Structures are given as structure tokens and as C-alpha cells.
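# Observations on the three-dimensional arrangement
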Amino acid sequence: MEETKVLETLRDDYAERYGFRDEATYLYETPRGLSRRVVEEISAIKNEPEWMRQFRLRAYEIFLKKPMPTWGADLSGVDFDRIVYYARPTDRPARSWDEVPEYIKRTFERLGIPEAERKFLAGVEAQYDSESVYSNVREDLARMGVIFCSTDEAVQKYPDLVREYIGTVVSIADNKFAALNSAVWSGGTFIYVPPGVRVEYPLQAYFRINREAMGQFERTLIIADEGAFVHYVEGCTAPIYTEDSLHAAVVEIIVKRGARVRYTTIQNWSNNVYNLVTKRAFAYEEATMEWVDCNIGSKVTMKYPAVYLLGRGAHGEVLSMAFAGDGQHQDTGAKMIHRAPYTTSLVQSKSISKGTGRASYRGLLKVYPGAEHVKANVSCDALLLHDVSRTDTYPTMEIQEQNVHIGHEATVSKVGDEQIFYLMSRGLSEEEAITMIVNGFIEPIVKELPMEYAVEMNRLIALEMEGSVG
Amino acid sequence: MADLEIRDLRVAVEGNEILKGVNLAVNKGEIHALMGPNGSGKSTLAYALMGHPFYEITGGEVWFKGQNILELEPDERARLGLFLAFQYPQEIPGVTVSKFLRAAVNARRQAMGLEPYGPYEFGLILNEKMERLRIDPSFAFRALNEGFSGGEKKRMEILQMSLLEPEMAVLDETDSGLDIDALRIVADGVNSLVGPNMGVLVITHYQRLLNYIQPHFVHVLMDGRIVRSGGPELALELEARGYDWLRAELESTATA
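These remarks concern the structure in this document.

Moving on, we get to helix H5 (residues 102-110) of chain A. Residue and element names in this part refer to chain A. Along H5, the positions that sit buried rather than exposed are Tyr103, Ile104, Lys105, Thr107 and Phe108. Against the buried residues of H5 lie helix H6 (113-120), strand S3 (123-128), strand S4 (131-137) and strand S7 (203-208). Immediately downstream of H5, the backbone of Gly112 shows phi near 80°, a positive value.

Let us look at the state of the cysteines. All names here are of chain A. For the structure on display, the rule yields zero disulfides over all chains. For Cys149, which is in no disulfide, the shortest distance to another cysteine sulfur is to Cys236 and amounts to 19 Å. When its relative accessible area of 3% is taken as the criterion, Cys149 is described as buried. For the unlinked cysteine Cys236, the closest cysteine sulfur is that of Cys294, found at 11 Å. Among the residues examined, Cys236 registers a relative accessible area of 3% and is labelled buried.

This next bit is on the sheet that holds strand S20 (residues 344-353) of chain A. All names here are of chain A. The ten strands lie next to each other as S4-S3-S7-S10-S13-S15-S18-S20-S22-S24, forming an open sheet whose pairing is mixed. Edge positions in the sheet fall to S4 and strand S24 (404-414), since each has one partner strand and no second. Strand-to-strand twist of the sheet, defined as the mean angle between neighbouring strand axes without regard to direction, takes the value 5°. Across eleven bridges, strand S22 (residues 374-384) lies against S24 in parallel orientation. Residue pairing for S24: Val374 is matched across the bridge by Val404. Its contacts with the sheet put helix H12 (residues 430-446) on strand S15 (288-295), strand S18 (315-324), S20 and S22, and the angle it makes with S20 is roughly 160°. Packed onto the sheet, helix H13 (residues 451-465) meets S7, strand S10 (229-237), strand S13 (260-267), S15 and S18 and runs at close to 30° relative to S18.

Turning to the packing of aromatic side chains, a few remarks are in order. Going through the model one piece at a time under the given rule, you end up with 21 aromatic pairs over all chains. Ring plane angle 5° and centroid distance 5.5 Å describe the contact between Tyr85 of chain A and Phe217 of chain A, whose orientation is recorded as stacked. Of this pair, Tyr85 of chain A sits in the loop between helix H4 (50-65) and strand S2 (87-88) while Phe217 of chain A sits in the loop between strand S8 (215-216) and strand S9 (219-224); the two residues are 132 residues apart in sequence, bridging distant segments of the chain. Pair check on accessibility: Tyr85 of chain A and Phe217 of chain A agree, each one buried. A centroid spacing of 5.0 Å and a plane angle of 55° characterise the contact between Tyr263 of chain A and Trp291 of chain A, whose relative ring orientation is tilted. Here Tyr263 of chain A is found in strand S13, whereas its partner Trp291 of chain A is found in strand S15, with 28 residues between them in sequence. Residue Trp291 of chain A is classed as buried on the basis of its relative accessible area, which comes to 0%. Site record: aromatic cluster; members linked through ring pairs are Phe421 and Tyr422 of chain A together with Tyr47, Phe54, Tyr55 and Phe86 of chain B.

All right, on to the interface of chain A and chain B then. Every contact between the two is made by 21 residues of chain A and, on the other side, 34 residues of chain B. Interface of chain A and chain B: buried area, both sides summed, is about 2300 Å²; carbon and sulfur atoms make up 64% of it. Put simply, Arg426 of chain A and Glu157 of chain B hold a salt bridge, and the shortest N to O gap is 2.6 Å. For the side of chain A that touches chain B, the elements supplying multiple residues, two or more each, are helix H1 (3-8), helix H11 (417-424) and H12 of chain A. A per-element tally of the side of chain A that touches chain B places H11 of chain A first, with six residues. By residue class, the composition of the side of chain A that touches chain B is nine nonpolar, seven polar and five charged.

Residue and element names in this part refer to chain A. Summarising burial for S20: seven of the ten residues are buried, a large majority. The pairing of S18 with S20 spans ten bridges and is parallel. For Val318, the partnering residue across the bridge sits in S20 and is Val347. Examined bridge by bridge, S20 and S22 share ten bridges and lie parallel to one another. Its bridge partner being in S22, Thr344 is matched across the sheet by Lys375.

Moving on to a negative patch on the surface. A cluster of acidic residues, Asp417, Glu418 and Glu430 of chain A together with Glu73 and Glu76 of chain B, forms a negative patch on the protein surface. Relative to the assigned elements, Glu76 of chain B resides in helix H2 (residues 74-80).

Residues and elements named next belong to chain A. A surface patch of nonpolar side chains, about 210 Å² in accessible area, is lined by Met397, Ile399 and Ile406. Relative to the helices and strands, Ile399 is located in strand S23 (residues 390-399). The class of Ile399 is partly exposed, set by a relative accessible area of 33%.

Moving on: empty space enclosed by the protein. Taken as a whole and assessed by the stated rule, the structure comprises five cavities of 30 Å³ or more. By volume, the largest cavity amounts to about 100 Å³. Considered class by class, the residues forming the lining of the largest cavity number eight nonpolar, nine polar and three charged.

Attention shifts here to the pattern of salt bridges. Residue and element names in this part refer to chain A. Enumeration according to the criterion identifies 47 salt bridges over all chains in this entry. Two residues, Glu243 and Arg82, come together in a salt bridge whose shortest N-O distance is 2.9 Å. Highlighted residues: Glu243 in the loop between S10 and strand S11 (245-247) and Arg82 in the loop between H4 and S2, separated in sequence by 161 residues. Exposure remark for Arg82: the relative accessible area of 39% places this residue in the partly exposed category. Between Asp140 and Arg138 there is a salt bridge whose closest N-O contact spans 2.9 Å.

Reading the values: rules and limits
Residues numbered from 1 in each chain as written. Chains lettered and ligands numbered in written order. Predicted model: local features only at pLDDT ≥ 70, side-chain atom pairs only at ≥ 80, totals over all residues. Heavy atoms only, no water. Buried < 20%, exposed > 50% of the residue type's maximum accessible area, 1.4 Å probe, protein only. Helix = DSSP H or I, 4+ residues; strand = E, 2+ residues; numbered from the N terminus. Contact = heavy atoms within 4.5 Å. Disulfide = S-S within 2.5 Å. Pairing = 2+ DSSP bridges. Axes fitted to C-alpha atoms, helices over the stretch in contact; angles between N-to-C directions. Phe/Tyr/Trp six-rings, centres within 6.5 Å; stacked < 30°, edge-to-face > 60°. Buried area = accessible area lost by both parts, 1.4 Å probe. Salt bridge = Lys/Arg side-chain N within 4 Å of Asp/Glu carboxyl O. Nonpolar A, V, L, I, M, F, W, Y, C, P; charged D, E, K, R; others polar. Patch = residues over 30% accessible without salt bridge, like charges linked within 9 Å, V, L, I, M, F, W, Y side chains within 5 Å. Areas by Shrake-Rupley, 256 points an atom, 1.4 Å probe, with all protein chains shown as cover. Lys, Arg positive; Asp, Glu negative; His and termini not counted. Charge placed at Lys NZ, Arg CZ, Asp CG, Glu CD. 1 Å grid on protein atoms, 1.4 Å probe; cavity = no way out; pocket = protein on both sides within 12 Å on 5 of 7 lines; lining within 4 Å. Points joined across faces, edges and corners; volume = space filled by probe spheres on them.

Here you go:
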């Protein structure tokens, strides 16, 4: 219903809406660069238990030893010595907007967060640089035992739960950036949903990088107990600076027997953010894990949401959309690891490359011996807008079981001149025509978003398409 | 001057001149049929009128509502009130008929200084128009032309025409690929729109469609020129005798 609105707001400016910056004052920030001392300081500031301090220090040692990944996007611009690893804007997360410092409140109000919370969310968490500045969950959910808070708060309040699960899905040694995150993590969301509890409205987190050359390393841990359901939505933005920032998150999800988790991301970082994220879920018997992953912004994104299908009948999905504008590289994909019989998975990836943008699909589909009757399907479609636009597909399949059904298809297409002419012959401008074709192309993914986000997504695409003609 | 006036229009495709000086005048309230053998340039004329970039204008003018529209982009021509029903409508995956049509109708309304329709209001109008063309309401929520049969696509073109209310409509081989029932529905749709506010140029290879949409004027295009114009009886003559006699006649006149 919203296309006219989308077209009307075509002239909106990204810088106006997301690119503004605050003159923030920080209570504390570490000096640029990373050292054992910085890691210890972060732990000390947070007054963490010894086990977490050790967790960080072990991860730091691993980080030093791990080489930079060279198999994917170009990361030569990442300069670990220039980055500020921790910046604390407030001393604790507020429970009501009134308590949030004025300049931060203005930021999130401009981004529409409090309004969204009132309208359709069950809970909101807002992270500003390193720390969560606001966190709130509806009272009825809290009474049912649903926990929704920053991971820092969870370490203090629910140490047993955190200790039991953190680092079990994504080990601290998984890759260089997972190790880095484990060493310096701050903020992120912790969710626990008790057995049988269904959270009917989405829980949302909003991540904002404000400081220049900032590293944001949130750590998210979600546990859906048996038969539970939760939908978590995260959004990300940052101002435009000349110095690059780094976002290296780790997300771990445990979906127990018969539970279902949907995790939706709308990533719209500014084009100076390296976005290197490890997202992984364990799905047990009859559980369902769904990643809905939309990547529009960033300079470079490397992200391959994974589902380990560990119990009989578990189901995993990755529905992803990547938009690579001029100079951007979206290296995204999915991993489906079938370790149990009768597990099913679906990967649907849609990418758009505009101008000199490059979108890569990189996927792994693995079926272990003994995982009989697996059904898996992977489809990736790429749409190119210009002659210089680029797309690549790197699908890897390791199928070690005979009795399985595997489907795979990949398409590459260009926005057709005849399609553009057809739409223009009905009165749409060339830019509106191309925008409509692009929005139609990603519709199978966008229709999975809650309506408010679907509208926002169409609007973001329209913004990205501005000036793409001629 | 006529409402649509084509003057000495010359069009080339990849350097080959296809239209070699076409003159034609169509007024609102009139139905003109343009007939001709395959390869005579009929579809070239349709595309050139709408402004397809593949067709290079090498000479001439097309006047519509006080402007030489050859200087306008296709979307500007459309918003001015020119419409082309395509022989091969494009499929646009993921874009629903209703979403597309509302955007198109509102683009035209805004150009006319009218308020754009809201979704609910437009839904009612769309429903009514679809009913009249006997299109199942579920089509509003299907992707535009995707997986539609030939007949469904043609009906969709007429639906678009009925919503956009053009002042001048060009129907390019709208009868091709239609069975007799579909043909009748499409023709009824066109006839219900024809009136003092709209002129129509029907491009067709066969006379068949003209049994249902009765033209006031018939023109024959051959080798890039209009070689004969007449009343409805000309179409019947072509149906009975084919195009060869006309060619022979023209050649004998030329050599005489």
C-alpha cells in the first residue's frame, strides 16, 4: 500500500535521516588500539566475574594468533590500531525514555524508536556505541519469565544462564572476528524465553554507532526453551565519517526442542563501516530457526548466518537480501549444517548490484553421514543494474549421505530495457520504473518482514536508487 | 490540427529506415485501423509513437496536445494521455497488479493536477473495472503479467487503458494470440471506452478484430508508407483479396 509514499519521499536524503552525528560526551573511552590492558579495563569497568574476564583474555590470545581471513572480501582497510574499542555514553541503561540522556534520546527519536515501541513491539533495547542506553520489555512478558536485557546486564543478573551458553554456539576460536568480539564485547541482547511461552510481538534492538573510528562489538545470546517462540528484530545505522568503523558482532542462538526463533536484521550502516558478523544457531529436535537478513549499508559486509540442524526434524531457513551500491561489497550467504535425519533447510538469497557495487553469495550446505531423508534447497538470484556491476556465487556442497533431496538454482539477470520501457509507457519515470523492478525482485524477502519494516525497506531501496539513472 | 498528427515520420532501426515518411491524423472520438503485411513497419510506428529508445527518429514530427511529443520521454507522453497496448506485455515479478496500477494512475492524476488515490479508494475503482472486463479479482494481487496466458495479458492491457483513461490509444496487434471469446471481451472493453474523449489507432494484421471494433477509417501501411486510406470497406477488401493486389497496383502506378 505504500509505494506512493515511497516515491514521494524519494528526495529524502540519507545524510539527513541517518547520517547526522551527535556531539556526544563519553563517561569513559579506551585509547585507540587494542592490548591486553584494554581488554582487562573493559572487564573491570563492567565489574565482571572472573570467569568472564578469563573468557575475554583467552579470546584475546586467540585473536592475536588468528590470521586475517583472505578468502572473502578485501579487509586490508581494517586497521586494528586506529579503532576505539570501548566508549561508554551513560552509566546504566534507562528503563524509561525520560532517563535517557537528552542528545541520545534525540537520536533515537529521529530514528523513530520510541514510536515503534509504542505501536507494535513487545520490547526495545537501544545500544549507542558500546553500551545499551535503554532497555524495556512489556510487563506481561516479564511476568511470564521472559528475559530481555543487554548481555552485560545478563552477566550480572543471570550469570549461570550466560555462562552455560555463551561461546557454545560460536566458539571463541571460530574465526578472527569472533575471537575479537569475545575479547572486547560490550552490549548486545540477551533473551531467554521459558518453555511453551510465545512472544507474539517482535522484540527489537537498535544499534547505533555514533563515534568516529568506533568498534562496536555487541554480543547477542538468545535461548528459546522447549516449545517457545520469539521474533527478534535488529536495525543498525551510523553517521558518515571519513575514518572507517568496525562492527564485529557475534550472535548465538539456541532453539530447543519444538521451539521457533525468527531473527530479522535490517542492516543499514553508513558506507564507512566494516560489518563482519558471525551468526549461528543450534536447532534441536523439531525446532525451527529462521534468519531474515537484509543488508543495505556498510563498506564491506561478511556475514553468513548458519543453522546447525542437530535434532531430528529440525528446520532452518535463511532468507537474505543484499544491496551493493557504488563501492560496496556485500559478501553474504548462508550455512546449513545437517547433522540429524529428517532435517530440512531452505536458503533464498536475492542480491542487487548497482554501479560499481559487488554482491557475492557464499554458501555452505553440508549433510553429515547418517543424516538421512534430508531435504535442502538453495536458490540465489542476482540482479545487476549497470554494466560495471558485479556478482559472484560461491556455493559449496558437502553431501555425505545418499538418501537426501538437494535442490540448487542460481540466476543472474539485468534489469531489462523492455521492462523499463513498459513501466515508463504507463507514466512512471525511469528511476521509479527501476525502483519498482528492484522492489519486485526482493519482494519474496520483504514480504517476510513485519509491515512497518517492509515499508521502511522499500523506502531505503528508493533512497539507494536515487540518481541511479543517466 | 488533428488531436494526434503524425507528419512525415521517419524511423530507423539499427541504421535501416523502416518508416519512410508516415502521415496520419487521428481525432478524439475516431477509430482508425492501421493494416499492413508483416514487416511493413506497423509495430515500429507504435513503439516510435511511445518513444522506445531502440527506434531512432530520423525525421518528422508527432503533434499531440500542442506539443511535438518526439521531444518527450515515454513517461511524459504517457502522463500527457498517450497509451500503447503492447503486443507482448512485459512480466514484472514481485510487483502486484494493484500496486503497479495505482502508481501508474496516480502518476497520471498528479500530472493532471488531481489528488492521488489512496489504497482503499483505488481498490474500489480497480475492482469495478476488473469486473467489467471479467477479470478475476484475485489478479489484483498477482505479479504483473507473470504466468498470465496470452489472453490474460491482453485483457490486462485493456484494464490499464480503462484506468489510465488516455486521450489517444494505440493498440498494437491486440488480437494476436486471442481465441474468439477473449477477442470479444477485449473488443467490448475497447468499445466501452471509445467516446468523444478518446481516439484509437488499432494496429492489426487481420480484419478479424475489426468485426468487433468497427473503425471509421482504414489505412494500409506498406514498406514504411501509408499507401492507401479509406473507410471500413477497405478492410473487407484486404480480407478478401490479401495485400498482393494492392502491391501490384501500386507498382503498376509507379512504373506507369
